[in-house]
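Notes for the structure review
Here is how the chains run, residue by residue.
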Amino acid sequence: MAIDEAHSATGSAEHAAHETEDKADEARHSRAMQVLGRFGDICYGVVHVVVAILAVQLIFGRPGHEVDQKGAVATIAAEPFGEVVLWFVAIGLVAFAVWQLLMATTGFGYVEDEGKRIRRRIGVGGRGVAVLFIAVSTFRLLVSSSAGKSSNGESQTFTAKLMSVTGGRLLVGAVGVGIVVAAAVIAWRGVGRSFVEDLDLSRVSPKTARLTELLGAIGFAAKGVVYAIVGVLVLVAAIQFNPKRAVGLDGALRTLAGQPLGIGLLVVAALGLACYGGYCFVEARCRRS
């Protein structure tokens, strides 16, 4: 009797799991989700292009905002009709995040290798979470009508709090290592051009397809390198027990600028981030769903 009840409970759980997965798959393929998610991909690209512009401004002097996604959002808000545009960007980013998280649940059915499919789902899930954080920051800016604290200040405050707890220093170090590993994966997607497998480039002309591959290769590689610097700085903060060394994207780009040949490196980083933004524009049309 107990065995029958156990089998029944297992069967019910599996049925519920399949039902949830079916609903998630249906939501992902819905017309509304496809339109909103792809619009959100364009918004994500816009954010990266604005960050690239802020990085270029850093070459000629301190820009008006932090050189990161939050600074990009604040820059858009400061423009004429910026608040209206920002509402569309915020909604688009939320839709894009949801789309990515749904893909993490049921996507990549076209990938035959199960291990590769799981890795793709993990990667796109991380992307969805990152975009969601940007969306939340955008809504906070809209509600507060102010840029608030810089990302570096928030990073340092969080790191200081984390280091103050038992084992916190190790946790900060683990976060740094995690960021470096994730950055390496992002860069490798560009170097190996594996991102092409997730695109249906038959939807665009051969010339646009070649341009998309070039933008993606440069964009993913540059983004990976920049975020690797962020991870290294977080790791250094843990090793030196100095929360001030833990900085975000803004601090990483400023660190680049302060190095020998820093201006050239910053130009390359800005160009790479702009390429990634351009890639997102085409990905919005060609992304396999």
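What comes next is a walk through the structure. (Residues numbered from 1 in each chain as written. Predicted model: local features only at pLDDT ≥ 70, side-chain atom pairs only at ≥ 80, totals over all residues. Heavy atoms only, no water.)

**A few points about the overall build of the protein**
Helix and strand content of the protein: 10 helices and zero strands. Secondary structure elements of the protein occur, N-terminal to C-terminal, as α-α-α-α-α-α-α-α-α-α. Counted over contacts in the protein with a minimum sequence separation of 6, partners at least 24 positions apart contribute 73%. Entry remark: accessible area of the protein is about 14,900 Å², with carbon and sulfur atoms responsible for 67%. (Helix = DSSP H or I, 4+ residues; strand = E, 2+ residues; numbered from the N terminus. Contact = heavy atoms within 4.5 Å. Areas by Shrake-Rupley, 256 points an atom, 1.4 Å probe, with all protein chains shown as cover.)

**Describing a nonpolar patch on the surface**
Taken together, the side chains of Phe39, Phe81, Val84, Val85 and Phe88 define a hydrophobic patch exposed on the protein surface, amounting to about 520 Å² of accessible area. Looking at the nonpolar patch element by element, the count peaks at three residues for helix 4 (residues 82–106). By secondary structure assignment, the location of Phe39 is in helix 2 (residues 31–59). Given a relative accessible area of 33%, Phe39 falls into the partly exposed group. (Patch = residues over 30% accessible without salt bridge, like charges linked within 9 Å, V, L, I, M, F, W, Y side chains within 5 Å. Salt bridge = Lys/Arg side-chain N within 4 Å of Asp/Glu carboxyl O. Buried < 20%, exposed > 50% of the residue type's maximum accessible area, 1.4 Å probe, protein only.)

**Observations regarding the nonpolar core**
Core analysis: the biggest nonpolar cluster contains 32 residues, and Tyr44 and Leu93 have the highest contact counts within it. Looking at this core, the elements that each hand over two or more residues are helix 2, helix 4, helix 5 (114–144), helix 8 (206–240) and helix 10 (262–286). For this core, the leading source of residues is helix 4, giving eight residues. If we skip the residues at most four places from it in the chain, Tyr44 touches Leu93, Phe96, Arg127, Val131, Ile134, Lys223, Tyr276 and Cys280. (Core = buried A, V, L, I, M, F, W, Y, C linked by side-chain atoms within 4.5 Å.)

**Re unusual backbone geometry**
The phi torsion at Phe108 lies on the positive side, around 65 degrees, for a residue other than glycine. Positive phi is not limited to glycine here, since Arg193 has a value of about 55 degrees. Topologically, Arg193 is positioned in the loop between helix 7 (168–191) and helix 8.

**Overview of helix 4**
The terminal C-alpha atoms of helix 4, which comprises 25 residues, lie 36 Å apart, in line with the 36 Å expected from a rise of 1.5 Å per residue. Backbone geometry just downstream of helix 4 places Phe108 in the positive-phi region, at approximately 65 degrees. (Expected span 1.5 Å × (residues − 1).)

**A closer look at the packing of helix 2 against helix 3 (residues 69–78)**
Between helix 2 and helix 3, the least distance of the axes is 8 Å, while the angle of their chain directions is 95 degrees. The orientation of helix 2 with respect to helix 3, classified from their angle, is roughly perpendicular. Contact with helix 2, carried on its side by Val46, Val47, Val50, Val51 and Leu54, involves Gln69, Gly71, Ala72, Thr75 and Ile76 of helix 3 and no other residues of that element. Taken together, the residues that form the contact of helix 2 with helix 3 break down as seven nonpolar, three polar and no charged. (Axes fitted to C-alpha atoms, helices over the stretch in contact; angles between N-to-C directions. Parallel < 35°, antiparallel > 145°, perpendicular 65-115°, else oblique. Nonpolar A, V, L, I, M, F, W, Y, C, P; charged D, E, K, R; others polar.)

**Regarding the environment of Ala222**
Summarising the element assignment, Ala222 is placed in helix 8. Spatially, the C-alpha atoms of Ala222 and Ala270 are 8.5 Å apart, while their sequence positions differ by 48 residues. Each residue touching Ala222, except ones within four places of it in the same chain, is listed here: Gly272 and Leu273.

**Description of the environment of Leu58**
Within the secondary structure, Leu58 is located in helix 2. In the structure, Leu58 is positioned 209 residues away from Val267 in sequence and 9.7 Å away in space, judged by C-alpha atoms.

**Focus on the packing of helix 3 against helix 5**
Their axes nearest at 10 Å, the elements helix 3 and helix 5 cross at an angle of 40 degrees. Here helix 3 lies oblique to helix 5, going by the angle between them. Between helix 3 and helix 5 lies a crossing whose hand is right-handed. When helix 3 is examined against helix 5, the residues Gln69, Lys70, Val73, Ala74 and Ala77 are found in contact with a partner set consisting of Ile134, Ser137, Thr138 and Leu141. Per-class residue counts for the contact of helix 3 with helix 5 are five nonpolar, three polar and one charged. (Left-handed = near helix turned anticlockwise from the far one by under 90°.)

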